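Chains, contacts and geometry: an overview
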Amino acid sequence: MSRLALVTGGTRGIGLAIAQTLQRDGARVIVCGRQAVNLPGIESVITDVTRPGELAALAVQAGPVDVLINNVGGSLGGGKFTASTVEQWNGAFALNVMPAVILSQAFLPGMRARGWGRIVNIASIWGREGGGGAAYNAVKAAMISMSKSMATEVVRDGVLVNCVAPGSVIFPGGGWEKKQQADPAGIAKFVEDQLPRGSFGHPQEVAELVAFLASDRASLIAGACITADGGQSHSNI
Ligand SMILES: NC(=O)c1ccc[n+]([C@@H]2O[C@H](COP(=O)([O-])OP(=O)(O)OC[C@H]3O[C@@H](n4cnc5c(N)ncnc54)[C@H](OP(=O)(O)O)[C@@H]3O)[C@@H](O)[C@H]2O)c1
C-alpha cells in the first residue's frame, strides 16, 4: 500500500520538487500553500500555516500521514538583530517553527502506533552556522535542535526524524531568481565568491536527499542534519 506524504509549502520551489519526487517514488502526496495549485496526481489543500485553526483543519483533512515534510518557511525579509522587530521574530517562528511543531505532534502518535514514519524538517545552512538574517538563523537553528530532540524520542518506534539544510537554491519565481533579476552583476559575484561549484543549487537536488531520508533505505539515520549545498557552508561538521 502506498504511503501518505504531506509536504507543507509544497506548491513551488523546493517543496514542489520534494512532493513530485515522493510521488515518483510511490507515495500518495498532499501539499499545502496559501494559494491553490493544480498538480497532476497531487492533492493541494489551501492552508495558511500561520493560522492555528487552518493548520488543525489540515491535520484532520490529511488523514494518517506516514511521511511529513516540514518545508514551509522563509526569512520574511531577514536583517540584522539590531534592526529587527518583535513582530519579525514572532512571524519567523510562526512560519518556520510552529507549523513543524504542531503538525509533528499531530502525526507522530499515528506513526508510532503503526511502527513506521518519517519526518524531514527543512532548515538551512544558516541554522548550522552564522549567516543570513538574525531571526532566520535562529528559527532554522531551532528546527535543527528540535529534530534531534524528536528523533531520540521516537526512533525506537520506527519513526525517523531528520533535518536537511539547503544552501542557496534557485528556481523560477523564487527569492534568488528575483535577486538575480534585480542585481545580475551582484548575484554573479555572489555565485563566484560564495558558491564553490560556481552555480546555485536546484530544488531537485534537495528533493533527492529528502526522498532518500523518507525511504526505507535511510534506516540508521535519525537526528541528523545533512547539508545539500555544493560545499557552500563553512562548518567542518
Ligand atoms: N531557496 C533557498 O535558497 C533556500 C535555502 C535554504 C533553505 N530554504 C528553505 O527551504 C524551504 C522552501 O523554500 P523555497 O525557497 O523553496 O520556498 P518559497 O519560494 O519561499 O515557497 C514557499 C512555499 O511555501 C508556501 N507558503 C509560504 N507561506 C505560507 C504560509 N503562510 N502558509 C502556507 N504555505 C505558505 C508557498 O506557497 P503560497 O505562496 O501559495 O503560500 C510555497 O509553496 C523554506 O523553509 C526555506 O527557508 C530555502
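Everything below is about the structure printed above this text.
In this report, the structure presented in the accompanying data block is examined. (Residues numbered from 1 in each chain as written. Predicted model: local features only at pLDDT ≥ 70, side-chain atom pairs only at ≥ 80, totals over all residues. Heavy atoms only, no water.)

1. Remarks on the sheet that holds strand β4 (residues 67–70)
Across the sheet, which stays open at both edges, the seven strands sit in the order β3-β2-β1-β4-β5-β6-β7 with parallel pairing between neighbours. Each edge of the open sheet carries a strand with a single partner, namely β3 (43–46) and β7 (225–228). Pairwise comparison of adjacent strand axes, ignoring direction, gives a mean angle of 20 degrees for this sheet. Two elements, strand β1 (residues 4–8) and strand β2 (residues 28–33), share five bridges in a ladder whose sense is parallel. Residue pairing in the sheet places T8 in a bridge with C32 of β2. Docked against the sheet, helix α1 (residues 13–24) engages β1, β2, β4, β5 (117–122) and β6 (159–166), running at close to 170 degrees with respect to β1. Sitting on the sheet, helix α5 (residues 134–154) is in contact with β4, β5, β6 and β7, with an inclination near 160 degrees to β6. (Pairing = 2+ DSSP bridges. Helix = DSSP H or I, 4+ residues; strand = E, 2+ residues; numbered from the N terminus. Axes fitted to C-alpha atoms, helices over the stretch in contact; angles between N-to-C directions. Contact = heavy atoms within 4.5 Å.)

2. Quick word on the site of the ligand
Near the ligand you find 29 residues, and of these T11, R34, N71, Y136 and V169 are the closest. A distance of 3.2 Å is found between an oxygen atom of the ligand and a backbone nitrogen or oxygen belonging to G9. Considering the ligand on its own, with 880 Å² of exposed area, one finds that the protein chains cover 90% of that surface. Where the shell around the ligand is concerned, the elements lending two or more residues are α1 and α5. Residue classes in the shell around the ligand are distributed as eleven nonpolar, 14 polar and four charged. (Near = heavy atom within 4 Å. Polar contact = N/O pair within 3.5 Å; in protein donor to acceptor, adjacent residues only side chain to side chain. Areas by Shrake-Rupley, 256 points an atom, 1.4 Å probe, with all protein chains shown as cover. Nonpolar A, V, L, I, M, F, W, Y, C, P; charged D, E, K, R; others polar.)

3. A few points about helix α7 (residues 184–194)
Turning to α7, its buried residues number three or more, namely I187, F190 and V191. Projection of α7 onto a plane perpendicular to its axis shows the buried side chains occupying an angular sector of 95 degrees, all on one side. Along α7, exposed side chains directed more than 90 degrees from the buried face belong to A185, K189 and E192. (Buried < 20%, exposed > 50% of the residue type's maximum accessible area, 1.4 Å probe, protein only. Arc of directions from axis to C-beta.)

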